[in-house]
Amino acid sequence: MNSPVGNSLNSSENPIRVLLVDDEDIVRYGLRSICQAESVLEVVGVASNGRDAIAGAKALAPDVILMDINMPVMDGMSATEKICQMLPNTRILILTTFEDDEHLIQAMQRGASGYVLKNTPSEDFVCIILEADNGYLQIGPSLSHRLCQQLKPLSVVKRPTTRTGITPREQEVLNLVAEGASNREIAKKLYIAEKTVKNHVSSLLSRVGVRDRTQLALWERQLSA
């Protein structure tokens, strides 16, 4: 039986395609079981090292990847960086036991869309995957404050101060992102496909030079102030 999370969403929507990457069989089995219990998620592949993760990502183009750090052949950080360069629309969630600042900052610098501890309650994983697919940065509660402290010296990076180059449709999407709307809500509001919204958001992220939609919303609000 599906959980309330899965049942609350439109079952006609295309499921989020997930690639699982971990060198431990028991972890992959557990993650697959969690995902398979939800109609909104579809496990399209598994890998046990970074090299196979890159090959799997290239072949399957998943929406979200759950990525371990310590693995043989190639570690998860290196694989994350290569996949983010190859597939900018794929969201990668680092799934790990490491709580130190070094690994956390490195994951963000390599392009990860989240850093989640393996002891996260299983019922939270589905929400984390859904939010990551919608472009929201996912950081465990115990880690978010430390990340903010570590990134303060990097906050001086200059962003565009005008909306030059943004199309009228992108501006409509941007306005709704700034209001906190999800991709699904934006799609319904503008009568366009959710995948189209996702492409617009990715284009805006690249144009503005921010990593996630939270930063994109803050940028738009600052310009509108």
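Analysis parameters
Residues numbered from 1 in each chain as written. Predicted model: local features only at pLDDT ≥ 70, side-chain atom pairs only at ≥ 80, totals over all residues. Heavy atoms only, no water. Axes fitted to C-alpha atoms, helices over the stretch in contact; angles between N-to-C directions. Helix = DSSP H or I, 4+ residues; strand = E, 2+ residues; numbered from the N terminus. Parallel < 35°, antiparallel > 145°, perpendicular 65-115°, else oblique. Left-handed = near helix turned anticlockwise from the far one by under 90°. Contact = heavy atoms within 4.5 Å. Nonpolar A, V, L, I, M, F, W, Y, C, P; charged D, E, K, R; others polar. Salt bridge = Lys/Arg side-chain N within 4 Å of Asp/Glu carboxyl O. Buried < 20%, exposed > 50% of the residue type's maximum accessible area, 1.4 Å probe, protein only.

1. Things to note about the packing of helix 3 (residues 50-60) against helix 4 (residues 76-86)
Axes are the key here: two packed helices are described by the angle between their axes and the distance separating the axes. Where helix 3 meets helix 4, the axes come as close as 9 Å, and the angle between the chain directions of the two elements is 15°. By the criterion of interaxial angle, the relationship of helix 3 to helix 4 is roughly parallel. Considering only the axes of helix 3 and helix 4, their crossing is right-handed. Judged by residue contacts, Gly 50, Ala 53, Ile 54, Ala 57 and Lys 58 of helix 3 engage Ala 79, Lys 82, Ile 83 and Met 86 from helix 4. By residue class, the composition of the contact of helix 3 with helix 4 is 6 nonpolar, 1 polar and 2 charged.

2. A short note on the pattern of salt bridges
Per the stated rule, a full pass over the model turns up 11 salt bridges. Between Asp 133 and Lys 198 there is a salt bridge, and its shortest N-O distance comes to 2.8 Å. Taken together, the residues Asp 133 in helix 6 (residues 122-133) and Lys 198 in helix 10 (residues 194-208) connect sequence positions 65 residues apart. The class for Asp 133 is buried, based on a relative accessible area of 8%. Between Glu 170 and Arg 207 there is a salt bridge, with its nearest N and O atoms 3.4 Å apart. Pair noted here: Glu 170 is in helix 8 (residues 168-178) and Arg 207 is in helix 10, with a separation of 37 residues, a long-range link. Given the relative accessible area of 5%, Glu 170 is considered buried. Exposure remark for Arg 207: the relative accessible area of 36% places this residue in the partly exposed category.

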